[in-house]
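The chain contents come next:
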Amino acid sequence: MRHIISLLMENEAGALSRVAGLFSARGYNIESLTVAPTEDPTLSRMTLVTVDSDDVVEQITKQLNKLIEVVKVVDLSDGVHIERELMLIKVRAVDRDREEIKRLVDIFRGRIIDVTDKSYTIELTGTSSKLDAFLNTIERSTILETVRTGASGIGRGERILKA
């Protein structure tokens, strides 16, 4: 099962490598990872996505809680949450393909953020499955480059992650 684990940690050098080391030492895979400072400059919020059984994710959570730098850990997948991912994709856009690509971008509620005579750079946000659907819809031979951030998530309503 896919799990989105969100944690607050002290914003200090080496904290990220200790979390990544915990995963690699135990043979767990991190599908995506995002980290940024929070409204409190002494704390960072890390969101990571992993695919494993509930038992394994429970072990991961326990191990993360043992790290000194980690303040709080929550598995967002355990409750209602909002998740988004950003994708930038550069596509070949020449002649009559340009209008078809514009139409697809509109359908997926994306934005064309850079235009040249031979390419478009497109910005898309949404769930991972939405971004995957766009990639499956567009002609593969037109894709020049793709960059994805990985999922970021937040609990819905009153569900918050605070120190």
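Report on the accompanying structure. Note that the structure is predicted; figures quoted are calculated from it, not measured.

With that out of the way, let us pick up unusual backbone geometry. Outside of glycine, negative phi angles account for most residues, and trans bonds account for most peptide bonds. You will see that aspartate 95, though not glycine, has its phi angle at about 50 degrees, which is positive. With respect to the helices and strands, aspartate 95 occurs in the loop between β5 (81-92) and α3 (97-107). Residue class for aspartate 95 comes out exposed when judged on its relative accessible area of 69%. With a phi angle near 55 degrees, arginine 109 is a residue other than glycine that sits in the positive phi range.

On to the layout of surface pockets, then. Where empty space is left can be seen by rolling a probe of water-molecule size over the atoms. The calculated volume of the largest pocket comes to roughly 280 Å³. Around the largest pocket sit 18 residues that line it, and Leu8, Thr38, Glu39, Arg45 and Leu161 are the ones nearest its centre. For the lining of the largest pocket, the element with the most residues is strand β2 (residues 32-37), which contributes four residues. Broken down by class, the residue content of the lining of the largest pocket amounts to nine nonpolar, four polar and five charged.

Okay, the pattern of salt bridges next. All told, the structure shown has ten salt bridges when counted by the stated rule. The closest approach of N and O atoms between glutamate 83 and arginine 2, which form a salt bridge, is 2.8 Å. Taken as a pair, glutamate 83 in strand β5 and arginine 2 in strand β1 (residues 2-10) lie far apart in primary sequence, 81 residues in all. The buried category is assigned to glutamate 83, whose relative accessible area is 12%. Of the charged contacts, one joins arginine 148 and glutamate 85 as a salt bridge, the two residues approaching to 2.8 Å between their closest N and O atoms. With arginine 148 in strand β8 (residues 143-148) and glutamate 85 in strand β5, this pair connects stretches of sequence that are 63 residues apart. In this structure arginine 148 comes out as partly exposed when scored by relative accessible area, which is 30%.

Within the secondary structure, threonine 50 sits in strand β3 (residues 43-51). Residue threonine 50 is classed as buried on the basis of its relative accessible area of 1%. Of note is the side chain of threonine 50, whose polar atom sits 2.7 Å from the backbone oxygen of asparagine 29.

A few words on the pairing of strand β6 (residues 111-115). Sheet analysis places β6 next to strand β7 (residues 119-126), joined by four bridges and oriented antiparallel. Pairing of isoleucine 112 across the sheet is with isoleucine 122, part of β7. Connecting the antiparallel pair β6 and β7 is a turn made up of three residues.

With that out of the way, let us pick up the sheet that holds β1. Ordered in space as β2-β3-β1-β4, the four strands form an open sheet in which the pairing is antiparallel. Sheet topology places β2 and β4 (70-75) at the edges, where each strand pairs with a single neighbour. Neighbouring strand axes in the sheet, compared pairwise and without regard to direction, differ in orientation by 15 degrees on average. Taken together, the six bridges between β2 and β3 define a ladder with antiparallel strand orientation. Along β3, the bridge assignment pairs threonine 34 with threonine 47. The sheet contacts of helix α1 (residues 15-25) involve β1, β2 and β3, and relative to β3 the element is tilted by about 20 degrees.

Cut-offs applied
- Residues numbered from 1 in each chain as written.
- Predicted model: local features only at pLDDT ≥ 70, side-chain atom pairs only at ≥ 80, totals over all residues.
- Heavy atoms only, no water.
- Helix = DSSP H or I, 4+ residues; strand = E, 2+ residues; numbered from the N terminus.
- Buried < 20%, exposed > 50% of the residue type's maximum accessible area, 1.4 Å probe, protein only.
- 1 Å grid on protein atoms, 1.4 Å probe; cavity = no way out; pocket = protein on both sides within 12 Å on 5 of 7 lines; lining within 4 Å.
- Points joined across faces, edges and corners; volume = space filled by probe spheres on them.
- Nonpolar A, V, L, I, M, F, W, Y, C, P; charged D, E, K, R; others polar.
- Salt bridge = Lys/Arg side-chain N within 4 Å of Asp/Glu carboxyl O.
- Polar contact = N/O pair within 3.5 Å; in protein donor to acceptor, adjacent residues only side chain to side chain.
- Pairing = 2+ DSSP bridges.
- Axes fitted to C-alpha atoms, helices over the stretch in contact; angles between N-to-C directions.
- Contact = heavy atoms within 4.5 Å.

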